[in-house]
Amino acid sequence: MVSRAAIVLLIGLLGMFYQATQLPPPNRTDSPHGVPPSSRVRLSDGRYLAYREKGVPKDQAKHSIIIVHGFGSSKDMNFLAPQALIDELGIYILQYDRAGYGESDPNPKRSLKSEALDIEELADQLQIGSKFYVIGVSMGSYATWSCLNYLPDRLAGVAMIAPVINYQWPSFPDRLIKEDYRRKLIKWTMIFANYFPKLLHWWVTQKWLPSNSVIEKNPVFFNKRDIDILETIPGFPMLTKEKLREQVVFDTLRGDWMLAFGKWEFDPMKLSNPFPQNRSSAHIWQGYEDKVVPSPIQRFVTEKLPWIQYHEVPDGGHLIVHYSGICEAILKALLLGEENLSYRPRPEVFVS
């Protein structure tokens with residue numbers, strides 16, 4: 001049986017993936033509630049996807065960007081880009097609820113490919129252009145990898161922020177991941193999620209598990225800068241025991257987790273460069289002190305894929321998308337090819 005400590009670590013790990021994309025509500029005044037109105041499109045299979053549009057009008061945009069939220073988040077996450085930069089560069093931003101999240105319908109046939117096809121169909125129905133950018137945050141990055149595999153001709157560029165690592169990717173050498181406790185924890189979680197979902201559902205709602213406030217201050221899960229950030233942003237509302245007791249919430253989170261960490265039909269480290277004419281079109285942003293996705297493993301991925309530019313926040317944890325100036329640096333690198341030298345990794349730390 002899995003120990004109580006392992007389950008505590010699991011809840012913390014779930015919380016880290018969630019917190020990576022859970023930002024304060026946008027401070028907007030163009031709707032009665034201060035949040036831009038959401039809409040829905042009907043997909044070819046009959047499901048509905050909910051979305052929000054921000055930035056400049058799409059018919060005036062020079063750059064169209066689709067932001068993919070992570071675990072437990074939604075289209076309402078706030079990407080902290082300066083409005084002046086959005087206006088200057090002519091950026092149209094499209095955010096949507098992935099299948100089963102927020103106001104979007106679940107997809108009983110959810111797969112890596114369906115995640116990419118949802119993005120493509122949403123883009124086509126909204127007529128944002130033949131090419132667009134995709135930014136994936138935390139667990140939302142697996143949909144971004146899927147776009148690179150299934151929709152390379154539709155992409156103008158991609159950026160992944162603190163992207164998840166799947167320890168089942170065949171290109172990982174055993175020496176790199178063998179002793180990683182996260183790998184073992186995810187393995188146990190997958191066993192319970194796949195074979196004992198009712199037991200897992202019961203387990204994660206037990207009173208003896210620590211409260212969210214305790215998890216948020218635990219240095220096992222967050223580095224110092226992350227803990228400081230957690231003082232200013234919401235906690236884990238979707239991971240409270242009350243919300244997890246709701247079957248639809250648990251099923252959505254369980255399905256998302258199993259897809260991200262299950263067996264993939266492709267190996268990301270075998271992907272070809274879809275942007276041979278533009279070296280600034282693919283990026284990974286990583287915190288050096290990230291405690292959910294180890295930076296040495298992330299460096300290994302980008303070493304195998306030299307066409308992806310690797311940026312590393314020296315004192316950054318898993319919540320780097322919250323840090324002041326990061327979203328601006330991400331947009332400038334992705335759209336203008338401008339590199340912020342503060343986030344250039346030290347050459348000696350790469351894993352060969």
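Residues numbered from 1 in each chain as written. Predicted model: local features only at pLDDT ≥ 70, side-chain atom pairs only at ≥ 80, totals over all residues. Heavy atoms only, no water.

Identification of the protein as AB hydrolase-1 domain-containing protein from Flemingia macrophylla is taken from an unreviewed UniProt entry.

## Observations concerning the pairing of strand 8 (residues 309–313)
Selection criterion: Note on classification: 1.4 Å probe, protein chains only; a residue is buried when its accessible area is under 20% of the maximum for its type, exposed when over 50%, partly exposed between these limits. Strands are runs of DSSP state E lasting at least two residues, helices are runs of H or I lasting at least four, and both sets are numbered from the N terminus onward. Two strands form a pair only when DSSP identifies at least two bridges running between them. Assignment of crossover handedness uses the view with strands pointing away from the viewer, where a clockwise path from the first strand over the helix to the second indicates a right-handed crossover.
With five of five residues buried, strand 8 is to be regarded as a mostly interior element. Note: strand 7 (residues 282–287) against strand 8, five bridges, orientation parallel. Looking at strand 8, one finds that Gly287 is bridged to Val313. Tracing the backbone out of strand 7, into helix 12 (residues 295–304) and back to the parallel element strand 8 gives a crossover that is right-handed.

## Quick word on the sheet that holds strand 3 (residues 63–68)
Test applied: Between the N-to-C directions of two axes lies an angle of 0 to 180 degrees, each axis being a line fitted to C-alpha atoms and, for a helix, fitted only over the stretch in contact. Only heavy atoms enter the contact rule, under which two residues are in contact if any of them lie within 4.5 Å.
Strand order in this open sheet of eight strands is 1-2-4-3-5-6-7-8, and the pairing throughout is mixed. Each edge of the open sheet is held by one strand with a lone partner, namely strand 1 (39–42) and strand 8. Put simply, the sheet's adjacent strands are angled 25° from each other on average, direction ignored. Here strand 5 (residues 132–137) runs beside strand 6 (residues 155–161); their pairing, made up of six bridges, is parallel. When the sheet's bridge partners are listed, Gly136 is paired in strand 6 with Met160. Across the sheet, helix 4 (residues 141–150) is in contact with strand 3, strand 5, strand 6 and strand 7; its angle to strand 6 comes to roughly 150°. Strands strand 7 and strand 8 of the sheet are contacted by helix 12, whose axis makes an angle of about 165° with strand 8.

## Considering the packing of aromatic side chains
Note the cut-off: Pairs were defined over the aromatic rings of Phe, Tyr and Trp, the Trp ring being its six-membered one, requiring ring centres within 6.5 Å. Orientation was assigned from the angle between planes: stacked under 30 degrees, edge-to-face over 60, tilted for the rest. Lysine and arginine charges are scored as sitting over a ring when NZ or CZ, respectively, is within 6 Å of the ring centre and within 35 degrees of the ring normal.
For the coordinates displayed, the defined rule picks out 11 aromatic pairs. An angle of 65° between the planes, with centres 5.9 Å apart, marks the rings of Phe71 and Trp257 as edge-to-face. Of the two residues, Phe71 sits in the loop between strand 3 and helix 2 (83–89) while Trp257 sits in helix 11 (residues 247–261), which places them 186 residues apart along the sequence. In this pair, the class of Phe71 matches that of Trp257, namely buried. Here the aromatic rings of Trp169 and Trp264 are separated by 5.2 Å at their centres, their planes lie at 65°, and the arrangement is edge-to-face. Placement of the pair is Trp169 in the loop between strand 6 and helix 5 (174–177) and Trp264 in the loop between helix 11 and strand 7, with a sequence separation of 95 residues. Through a chain of ring-to-ring contacts, three or more aromatic side chains come together here, namely Trp145, Tyr150, Trp169, Phe172, Trp264, Phe266 and Phe300. Residue placement shows Arg225 over the ring face of Tyr323; its charged tip is 4.0 Å from the ring centre.

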